Amino acid sequence: MRFASRSIVLRLGARAALAALLVATSHADAPPASLVLYVICNPSVEVSEEDLRDVFLGERQFAGDVHLTPVDNRAAQPVFLERVLKMTPAKYSTTWTKKSFRDGVNPLPVKGSNAETIEFVRREVGACSYVTTTPGAGVRVILNSTG
Amino acid sequence: MKRSAVILCSALLFTGAMGSADAATAAAPKTDDRVAELERRLDASNKLIEQLSERLHDLEARLAPPSATAKAPEPPAPAQDETTARLAAIEREVGEMAVAGAASSGSSGLPVHGFADVGAGTRGAIDPDHKGFAVGSLDFYLTPELGERTRALFELNFEVDENGELATDLERAQIGYQISNGATLWLGRFHTPYGYYNTAFHHGQQISTALRRPSFLQFEDAGGIMPAHTVGLWLTGAHRLGGGRWTYDAFVGNAQQIEDGTLNPRQSGLTESEFTVGGNLGYLAGGFLDGLKVGLSYYTSTVGDDALMPNRTRVNNYGLYATFDTDRWENLLEFYHFDNDDLSGTSGSHNSNAGFVQIAYRLERFTPYTRYERAMLEQTDAYFAAQTSGGSYYRSAVGVRFDLNLASALKLEFGRTVETDRAREEFGDALMQYAIRF
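Treat the numbers as computed from the prediction; the structure is a model and nothing was measured.

We now examine empty space enclosed by the protein. Residues and elements named next belong to chain B. If you walk through the whole model with that rule in mind, you get two cavities of 30 Å³ or more. Considering the residues around the second largest cavity, the lining is formed by Pro227, Gln256, Leu263, Tyr299, Ser301, Val303, Val315 and Tyr383. Counting residues per element, the lining of the second largest cavity draws most heavily on strand 11 (residues 292–305), at three residues. In terms of residue class, the lining of the second largest cavity is made up of six nonpolar, two polar and no charged.

Structure below.
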């Protein structure tokens, strides 16, 4: 029993120390991942950085013949609203309510994490969103914003 | 378990690489090849750690409950304190937004949205002969997803009339086709696109800063003197031009008829061929004028009434509006000029005017506002004479709106109304409203 307890304590201690080392290392040579924003689209979508505001506010529904399917990403939404749309969350929410009420366009579905968002954009023709982790292959990066 | 394994694995790789690097530095001769090899290995280890770190971040986001996901900020770095604090404030609001569900409609099922309001006052918000507590309205609007280009919007409103009876209105029933990014064609019953207020707020009391609509812009059955709804065909859209955007509306629909003192949009059809035709052209500025919209609207219609000797009036309405809607300001100005012609009698042409100006400033959750509205309606014009609410008046009001959260607001308004021709009455009122959206 004593050996088991000691072993657990040692293991927990080792994990904590290693986790602290890992976090310290990752923060020492790169800014926090949440401060790097990638606006991404499915490769089928051809839009420019100037189009993003219209895409995410429901003013632009098509890119060529491709029907756009923008989605919000809760994990990166504060950064996106501040850097790209330059709106407060309250303003964004009210803008969408007015848009929906006047034009019958539904507010964007919301994804819960970067990984879920990247997977959706990679898979869905016409999809666009934004993430705060490196999106990897299979998506088109429309905007890469730091700081 | 998975998270622990990832952490352990990452750390071992990192410490392994560091250990190797240390050993190599101490024991091996400082040859270029040896150093290059160690650097390569260190780079590879760092990349692997970075990937595992990102993976760990995502796993944590998945494992955390939704509210925690929305609110959990990254550990702040000293140089990013200001940015982090600002982001944290925004994250709190995003959390509220998620709770409100205002932007989280799923892609499956039938999206249902709505507004509701209740209130109290020394007089009724619409009918000044009533006072006390009152139910405002319960308004549902449905926006079913019907494919890439087919659109539909149905709005059903429940309200209480002056007798306390429940009244149900199919406010909107419109089915449309999106021709392009800049053009959608609707058929059915829609909000008549004159000015700004009528299409922007309508029954949405929660998204309107002020507690009540300007009186002359009320709904047809609530004292409005203009057709708030039209049954017909409506082409609408917007085109980006430079930093701004042009918006346009063009519509044709059944001409209204005045029945029992109220405008009837005749949604079941016409017995004669008389139509309302109109349009709206606006410009939404960008850049340093972001939030400013200016525009013109016009409609013309031949409107009859149900008098013993029926009147027919050619209504020509010219509208001018300007709005400045930013994070802080919500300023609205609308002005309408009527140039009506008597088609059934010999009274000739009549000119009337109506308009309002509203100024509001958002102070976080509080939004104080003030409004002045005035209608100068010629009483020899059969179009106004036949309407129960066709009298001239002016009203000044001050109020404050308090946002409890993104989906609900409390409003308090004090107003003073002076009727200047028919009744020549003057009265003040104090009103309270609790409005929500969902």
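Now that the structure is up, let's keep going.
Once that is clear, we can look at the sheet that holds strand 4 (residues 69–70) of chain A. Residue and element names in this part refer to chain A. Here we have four strands laid out as an open sheet, ordered 4-7-1-8, and mixed in their pairing. Two strands in the sheet have a free side with no partner beyond their single neighbour: strand 4 and strand 8 (140–146). Where strand 1 (residues 36–41) and strand 8 come together, six bridges link them in antiparallel fashion. Of the residues in strand 8, the one forming a bridge with Val39 is Leu143. Helix 3 (residues 77–85) contacts strand 1, strand 7 (127–131) and strand 8 of the sheet and is inclined by roughly 85 degrees relative to strand 1. Here helix 5 (residues 114–123) sits on the sheet in contact with strand 1, strand 4 and strand 7, set at roughly 155 degrees to strand 7.

Residues and elements named next belong to chain A. Evaluation of the coordinates by the stated rule reveals one disulfide over all chains. Between the sulfur of Cys41 and that of Cys128 lies a disulfide, 2.1 Å long from S to S. What sets the handedness of the Cys41 and Cys128 disulfide is the S-S torsion sign, and at about 105 degrees it is right-handed. Pair noted here: Cys41 is in strand 1 and Cys128 is in strand 7, with a separation of 87 residues, a long-range link. In terms of burial, Cys41 and Cys128 fall into one category: buried.

Our next topic: the pairing of strand 7 of chain A. Residues and elements named next belong to chain A. The element strand 7 is largely enclosed, with a buried count of five among its five residues. Burial of the side chains of strand 7 extends over both faces: Ala127, Ser129 and Val131 are buried on one face and Cys128 and Tyr130 on the other. Summarising the sheet, strand 1 and strand 7 pair through four bridges and their orientation is antiparallel. What sits directly across from Tyr38, in strand 7, is Val131. Of the strand pairs in this sheet, strand 4 and strand 7 are connected by two bridges, and their pairing is parallel. Note on strand 7: the bridge partner recorded for Thr69 is Ala127.

A few words now on the pairing of strand 11 of chain B. All names here are of chain B. Counting buried positions over the 14 residues of strand 11 gives 10, a clear majority of the element. Looking at chain direction, strand 8 (residues 257–259) and strand 11 are connected through two bridges and run parallel. Residue pairing across strands places Ile258 opposite Asp305, the latter belonging to strand 11. In this sheet, strand 11 lies alongside strand 10 (residues 275–284) in antiparallel orientation, the contact comprising eight bridges. Looking at strand 11, one finds that Gly278 is bridged to Tyr299.

So, how was this worked out
- Residues numbered from 1 in each chain as written.
- Chains lettered and ligands numbered in written order.
- Predicted model: local features only at pLDDT ≥ 70, side-chain atom pairs only at ≥ 80, totals over all residues.
- Heavy atoms only, no water.
- 1 Å grid on protein atoms, 1.4 Å probe; cavity = no way out; pocket = protein on both sides within 12 Å on 5 of 7 lines; lining within 4 Å.
- Points joined across faces, edges and corners; volume = space filled by probe spheres on them.
- Helix = DSSP H or I, 4+ residues; strand = E, 2+ residues; numbered from the N terminus.
- Nonpolar A, V, L, I, M, F, W, Y, C, P; charged D, E, K, R; others polar.
- Pairing = 2+ DSSP bridges.
- Contact = heavy atoms within 4.5 Å.
- Axes fitted to C-alpha atoms, helices over the stretch in contact; angles between N-to-C directions.
- Disulfide = S-S within 2.5 Å.
- Buried < 20%, exposed > 50% of the residue type's maximum accessible area, 1.4 Å probe, protein only.

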